[in-house]
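Examination of the molecular architecture
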Amino acid sequence: MNHPVKIKNALVSVYYKDGLAPLVQLLNKYGVTFYSTGGTETFIKDLGIDVVPVEDLTSYPSILGGRVKTLHPKVFGGILARRPLESDQQQLAQYEIPEIDLVIVDLYPFEETVASGAAEQDIIEKIDIGGISLIRAAAKNFNDVVIISSKNDYQELEEILASQEGNTSLEQRKEFAKRAFNTSSHYDTAIFNYFNQENPIEVFKQSEQKAQVLRYGENPHQKGVFFGDLDNMFDKLNGKELSYNNLVDVDAAVALIDEFAEPTFAILKHTNACGVASRSTIKQAWIDALACDPVSAFGGVLITNGEVDAATATEINKLFFEVLIAPSYTQEAIDILTAKKNRIILVRKDVKLPAQQFKTLLNGVILQDKDNTVEGPEQMVAVTAVTPTAEQLEDLYFANKIVKHTKSNTIVFAKNGTLLASGVGQTSRVDALKQAIEKAVSFGFDLQGCAMASDAFFPFPDCVEIASEAGIAAVLQPGGSIKDQLSIDMANEKGIAMVTTGVRHFKH
């Protein structure tokens, strides 16, 4: 064993005591002396095991309402002393400081206290000072000290000590030190981010403790990991694990469906909607969403904002799909949908989502607020002689919700609460428009009288002219081009209603 260390003295002071008893009892079996404070001291005594109060070691009581308990040279000297260094050993002897070989310490529940909505003073009191210092000190001196900073590691240390007669190896201590620095850095990040909400300092700090290794990344030769708590977001009723691409599509699907209050079904492929419909029932919404583009729907991600019943499930069951997301399902629907084992069936929970999004870019990270704006009829300004009807305003609103979540450059056609077609991710707006027209025609949709939304302004009048020839009756665009008037004039010439919103919705 590489540089074995036998534990003689242990400092134990934890907030969470679940699973601690077996480890303490094993250490006691090996003759370890315990030092402790407060509730942990009482916990060890209740196990019938002797424990030395830290106050007896330091000759100082816990002061300032418990804010200062372990911050003392007789504690930190015993942890940080370098065992092979003669000068350190002389000072330990001079000041009667025992070597502490094991530190079991966790941290006050700061994040949980913030999440509970507690008052600021209660949150501040959950900023751990002694614990974080002990963790860092013990982890720094991993050459001679074992640090356990999480209850999740109790059992592992117990197994190591049982199999190695109370000893630990250098490799094992270094592994626990790595975990400890992960604990301390995550804790500090959470505290900083709490303080950085008002008048924020422009720095980037994120820490996520939960990780799920994916089958692979975007392609099989790429490694993929999801950092986050999927179990907090979804209950999975059926199917294989979500892949990297599934997760990207699911994220897009959730963002899109949250735009709609009325019963709605959406179908997505490669993060873009290929079918959306709002109806009085979820079943009819599904039928009409699928009719938009049944070819692209194959192997897609499906999402709805209402309960899926047996009748709807029977219709959905006719299609091969990757993922289905709904807030609830009847038991009959579950029985139908889970008949095929690989289908991923998710129940979405009510979880608050982050207000910002970020990604790596070049040699750094780029961050932005989420695009949480969508302009309804009240924000639409008519700029043409012909003004849109109430029905057209609703269609424009519907189309605008979808265009916001579609890759640029994009054009979206909608009528009567249904996506008819879209042009997606084109390098010119004219190409996006032509693609949308071609798709609509290929699936037999009549574009006469339908609404069209664009994610950005028209720099030239050509899109309006082409749209008119296809039968478009109302157009929504943000405006803002120095040549806006050319498009407005073309709309007037063709008798088309046009509105501007003043808000662009690029999506790259």
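Preceding this section is the structure that the text describes.
Residues numbered from 1 in each chain as written. Predicted model: local features only at pLDDT ≥ 70, side-chain atom pairs only at ≥ 80, totals over all residues. Heavy atoms only, no water.

**Considerations on the overall build of the protein**
- Within the protein, the secondary structure is distributed over 20 helices and 23 strands.
- Taken over the C-alpha trace, the protein has a radius of gyration of 31 Å; the compact-globule value for 508 residues is 23 Å, which it surpasses by more than 25%.
- In terms of principal-axis extent, the alpha carbons of the protein reach across some 95 × 55 × 40 Å.
- Within the protein, contacts between residues separated by at least 24 positions form 56% of all contacts whose residues are at least 6 apart in sequence.
- Here the protein has roughly 24900 Å² of accessible surface; of this, 51% comes from carbon and sulfur atoms.
- Averaging the positions of the 47 positive and the 66 negative side-chain charges in the protein gives two centres separated by 5 Å. (Helix = DSSP H or I, 4+ residues; strand = E, 2+ residues; numbered from the N terminus. Rg over C-alpha atoms; globule rule 2.2 N^0.38 Å. Contact = heavy atoms within 4.5 Å. Areas by Shrake-Rupley, 256 points an atom, 1.4 Å probe, with all protein chains shown as cover. Lys, Arg positive; Asp, Glu negative; His and termini not counted. Charge placed at Lys NZ, Arg CZ, Asp CG, Glu CD.)

**Looking at the nonpolar core**
- Grouped together as the largest cluster of nonpolar side chains are 51 residues, with contacts concentrated most on Leu27, Phe34, Ile79, Leu102, Val103, Ile104 and Ile147.
- For this core, the element with the most residues is helix α10 (residues 170-195), which contributes 7 residues.
- Look past the residues within four positions of valine 103 in its chain and what remains in contact with it is Leu11, Ile79, Leu134, Ala138, Val145, Val146, Ile147 and Ile148.
- Core analysis: the next-biggest nonpolar cluster, separate from the first, contains 39 residues, Leu242, Ile402, Val403 and Ala497 among them. (Core = buried A, V, L, I, M, F, W, Y, C linked by side-chain atoms within 4.5 Å. Buried < 20%, exposed > 50% of the residue type's maximum accessible area, 1.4 Å probe, protein only.)

**Examining the environment of arginine 136**
- With respect to the secondary-structure elements, arginine 136 resides in helix α8 (residues 130-140).
- The exposure class assigned to arginine 136 is partly exposed, which follows from its relative accessible area of 45%.
- The spacing of arginine 136 and serine 185 is 49 residues in sequence and 9.8 Å in space, taken between C-alpha atoms.
- Residues within four places of arginine 136 in sequence aside, it is in contact with Phe181 and Ser184.

**What about the pattern of salt bridges?**
- In this structure the tally under the stated criterion is 21 salt bridges.
- As a salt-bridge pair, aspartate 235 and lysine 349 come within 3.1 Å of each other at their nearest N and O atoms. Note that aspartate 235 is positioned in strand β10 (residues 234-238) and lysine 349 in the loop between β15 (344-348) and β16 (356-361), a separation of 114 residues in sequence.
- With a closest N to O distance of 3.2 Å, glutamate 315 and lysine 318 form a salt bridge.
- Accessibility expressed as a relative area gives 64% for lysine 318, which makes it exposed.
- Within the structure, one salt-bridge network assembled from shared partners comprises Asp153, Glu156, Glu175, Lys178 and Arg179. (Salt bridge = Lys/Arg side-chain N within 4 Å of Asp/Glu carboxyl O.)

**Side note on a negative patch on the surface**
- Together, Asp462, Glu465, Glu469, Asp489 and Glu493 make up a negatively charged patch on the protein surface.
- At the level of secondary structure, the elements contributing two or more residues to the negative patch comprise α19 (462-470) and α20 (484-494).
- When residues in the negative patch are grouped by element, the largest group, 3 residues, is from α19.
- Summarising the element assignment, glutamate 493 is placed in helix α20.
- For glutamate 493, a relative accessible area of 59% corresponds to the exposed category. (Patch = residues over 30% accessible without salt bridge, like charges linked within 9 Å, V, L, I, M, F, W, Y side chains within 5 Å.)

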